[in-house]
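Survey of secondary and tertiary structure
Now for the letters of each chain:
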Amino acid sequence: MQRYILHIDLDAFFVSVERLLNPALKDKPVIVGGSETRGVVSSCSYEARAYGVCSAMSIRQARRLCPVGVFLRGNIQAYIHYSNKVTDILAQHTPLFEKASIDEFYVDCTGMDKYFDLQTWATGLRQLIIAETGLPVTFGLSVNKMLAKMATDAAKPDGFLMVLPERIQEFLDPMPVGNIPFCGPKTQKLLHTKGIRTIHDLRQFSVDALRHWLGSAGEALWHRAHGKASDVIVPFRESKSMSCERTYHNDISDINTLNINIIKLIEKLAVELRAEGKVTACLTVKVRYSDYETRTCQTSIRHTAETDYLIKIALQLFEKLYKRHKPVRLLGVKFSQLADEKYINDLFSNTARKTNLYKAVDNIKHKYGDDKLTLARIV
């Protein structure tokens, strides 16, 4: 059975959302990310790209290239909201899909060609997303994830391209070798010394030659040049929440001991949160007293996986909940409204540095045990 994979890309996603929120930004060179002078470009409009601005460029350089640009720090909550709207549409209208990032999806269409014209079906799905979200979106459809994504890139902006099996080499051959995924500048430079500039040029050499020049990477490059790549879809399963609680053999009345135990629960759960590559936007604290009275308190917070910030909020919630001197039987904490860390971190702030510090601590804990490194305030 021939496999078919659909790639979906939300064009200049952050900029597109900003324009939905503020239509006056239409047709202007909009640059999202960082602060006034620091950080990197997370997204930019096609008008800004005409000035040479691109994603991952420093804000300082972007300002030099595009002094007339509209620079926005960004609204991650709005971006997550619109991304989730697209996710919900795909969950309702597709058999199996993968959410590769906040603005990128893959859909497994294998077998659907028996019942539908795939191009007509994909066009209808694209029109539905546009109608329900107002976002520009580009689709690429082919036999594997690599080709589908390359078709999307060729169809941008706001387009659709289907590359059928019999047209794969016709599609690939004129492209520069740098268009092949993971063919970086150093590899391109080496290939250029061999007279290889297009994918067609590359295909004139044997897999043994490429393996001799580049090792296993050369073999992988040869396969990609022939349109061979992964077609495995990782099914989307959204983590709704994660929690941690502890029941005590002896009820606790001492406020300092209770605070320390709240801190320990947060520290443990924050390690798990980072291990899953998640951040949370809602924190709940739960208290059960010796008479089994149970109370909870929750609050919305900025998306984070920072232990110190989560501890601060948790202790504030516990202060609101706790009935002085009443014995506590159980304490619990819960993180909800989870999102992928890679969508959030360092888009508009320097929180990635702190998160990397926590991850280094997490690695030490995993290697040597949780008790070998902990917060000074709970020792």
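The rules behind each value
- Residues numbered from 1 in each chain as written.
- Predicted model: local features only at pLDDT ≥ 70, side-chain atom pairs only at ≥ 80, totals over all residues.
- Heavy atoms only, no water.
- Pairing = 2+ DSSP bridges.
- Helix = DSSP H or I, 4+ residues; strand = E, 2+ residues; numbered from the N terminus.
- Axes fitted to C-alpha atoms, helices over the stretch in contact; angles between N-to-C directions.
- Contact = heavy atoms within 4.5 Å.
- Buried < 20%, exposed > 50% of the residue type's maximum accessible area, 1.4 Å probe, protein only.
- Phe/Tyr/Trp six-rings, centres within 6.5 Å; stacked < 30°, edge-to-face > 60°.
- Lys NZ or Arg CZ within 6 Å of the ring centre and 35° of its normal.
- Polar contact = N/O pair within 3.5 Å; in protein donor to acceptor, adjacent residues only side chain to side chain.

Bringing the sheet that holds strand E5 (residues 97–101) into the picture now. A sheet is described by the order of its strands in space; here 5 strands give the open sequence E5-E6-E1-E7-E8, paired in mixed fashion. Strands with a single pairing partner mark the edges of an open sheet, and in this sheet they are E5 and strand E8 (160–162). Strand-to-strand, the axes of this sheet are offset by a mean angle of 15 degrees, without reference to chain direction. By the bridge criterion, 3 bridges tie strand E7 (residues 137–142) to E8 in an arrangement that is parallel. The partner of Leu141 across the bridge, within E8, is Met162. Each of strand E1 (5–10), strand E6 (104–108), E7 and E8 is contacted by helix H5 (residues 118–133), which is oriented at about 160 degrees to E7, the strand it contacts most.

Turning our eyes to something else, we now look at the pairing of E5. Most of E5 is tucked away: 5 of the 5 residues are buried. Connecting E5 to the antiparallel partner E6 that follows it, the hairpin turn spans 2 residues.

With that settled, consider the packing of aromatic side chains. The geometry of an aromatic ring pair comes down to the distance between the two centres and the angle between the two planes. Applying the stated rule across the entire model yields 6 aromatic pairs. Between Phe14 and Tyr79, the ring centres sit 4.2 Å apart and the planes meet at 10 degrees, which makes this aromatic pair stacked. Separated by 65 residues along the polypeptide, Phe14 in helix H1 (residues 13–21) and Tyr79 in helix H4 (residues 76–93) bring together distant segments of the chain. Take Phe14 and Tyr79: they sit in the same class, and that class is buried. The ring of Tyr46 is capped by Arg49, whose NZ or CZ atom sits 4.3 Å from the centre of that ring.

For helix H6 (residues 145–155), the tally of buried residues reaches 8 of 11 residues, placing the bulk of the element in the interior. Regarding H6, the residues found buried are Lys145, Met146, Leu147, Ala148, Met150, Ala151, Thr152 and Ala155. Looking at where H6 begins, the residue whose side-chain oxygen comes 3.2 Å from the main-chain nitrogen of Met146 is Asn144.

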